[in-house]
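Below, each chain spelled out in residue letters.
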Amino acid sequence: MAIKITDACINCGACEPECPNSAIYEGAIDWRWKDKTKLSGHITFPDGTKGDAEAYHPAVSDEVYYIVSGKCTECKGFHEEPQCKAVCPVDCCVDDPDHRETEEVLLDRQKFMHST
């Protein structure tokens, strides 16, 4: 499953630089697939959908830091545990029950974003 940031976030920013996928963004900041990945230009996702890695997508939250669930791998392939959870001073990085995924799916996502 992906991780989400709750509204208990104090906007300290400790989590953002720790994410190896750049899945964490400051509130109101638009996000891109290409950020901190090897994705560029027009891409075909593992599910067959197509997109532009360099296109901006609307911020998920305007108030607090947020995690793009489609980029989150729970740090699989990089670290033993999610780094956002490890550094969060208020424990607001929690499992997202709306985005449950297997370890295999998370590792495949990591390879897709960083091996292309």
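About the criteria used
Residues numbered from 1 in each chain as written. Predicted model: local features only at pLDDT ≥ 70, side-chain atom pairs only at ≥ 80, totals over all residues. Heavy atoms only, no water. Helix = DSSP H or I, 4+ residues; strand = E, 2+ residues; numbered from the N terminus. Rg over C-alpha atoms; globule rule 2.2 N^0.38 Å. Expected span 1.5 Å × (residues − 1). Buried < 20%, exposed > 50% of the residue type's maximum accessible area, 1.4 Å probe, protein only. Contact = heavy atoms within 4.5 Å. Salt bridge = Lys/Arg side-chain N within 4 Å of Asp/Glu carboxyl O. Phe/Tyr/Trp six-rings, centres within 6.5 Å; stacked < 30°, edge-to-face > 60°.

**Re the overall build of the chain**
And then number 1: The number of helices and strands found in the chain is two helices and six strands.
And then number 2: Tracing the chain from N to C terminus, the helices and strands come up as β-β-β-β-β-α-β-α.
And then number 3: A globule of 116 residues ought to have a C-alpha radius of gyration of about 13 Å, and the chain, at 13 Å, matches this closely.
And then number 4: Along the three orthogonal principal directions, the C-alpha set of the chain runs to about 35 × 30 × 25 Å.

**Observations concerning helix α2 (residues 103-114)**
And then number 1: Taking 1.5 Å of rise per residue, the 12 residues of α2 would be expected to cover 16 Å, and the 16 Å separating its terminal C-alpha atoms lies within 8% of that figure.
And then number 2: Taken as a whole, α2 has its buried residues at Leu106, Arg109, Gln110, Phe112, Met113 and His114.
And then number 3: The inward-facing, buried residues of α2 abut β3 (42-44).

**Comments concerning the pattern of salt bridges**
And then number 1: The full count for this structure, using the stated rule, is three salt bridges.
And then number 2: When the shortest N-O distance is used, the salt bridge between Arg32 and Asp35 registers 3.0 Å.
And then number 3: Arg109 is paired through a salt bridge with Glu101; the nearest N and O atoms lie 2.4 Å apart.
And then number 4: Arg109 gets classed as buried once you look at its relative accessible area, which sits at 15%.
And then number 5: On the basis of relative accessibility, which here comes to 25%, the residue Glu101 falls in the partly exposed class.

**Re the packing of aromatic side chains**
And then number 1: If you walk through the whole model with that rule in mind, you get four aromatic pairs.
And then number 2: Ring geometry for Tyr25 and Tyr66: centres 5.8 Å apart, planes at 20°, overall stacked. Here the residue Tyr25 occupies a position in strand β2 (residues 24-25), and Tyr66 occupies one in strand β5 (residues 66-67), the gap between them amounting to 41 residues. Residue Tyr25 shares its accessibility class with Tyr66, and that shared class is buried.
And then number 3: Consider the rings of Trp33 and Phe45, whose centres lie 4.9 Å apart with planes at 55°: the pair is tilted. With a gap of 12 residues between them, Trp33 in the loop between β2 and β3 and Phe45 in the loop between β3 and β4 (50-52) connect regions that are remote in the sequence.
And then number 4: The buried category is assigned to Trp33, whose relative accessible area is 14%.
And then number 5: Judged by relative accessible area, Phe45 falls into the buried class, the value being 14%.
And then number 6: Three or more aromatic residues joined by ring pairs make a cluster, and in this case those are Trp31, Trp33, Phe45 and Phe112.

As far as function goes, none of this settles anything; it's purely spatial.
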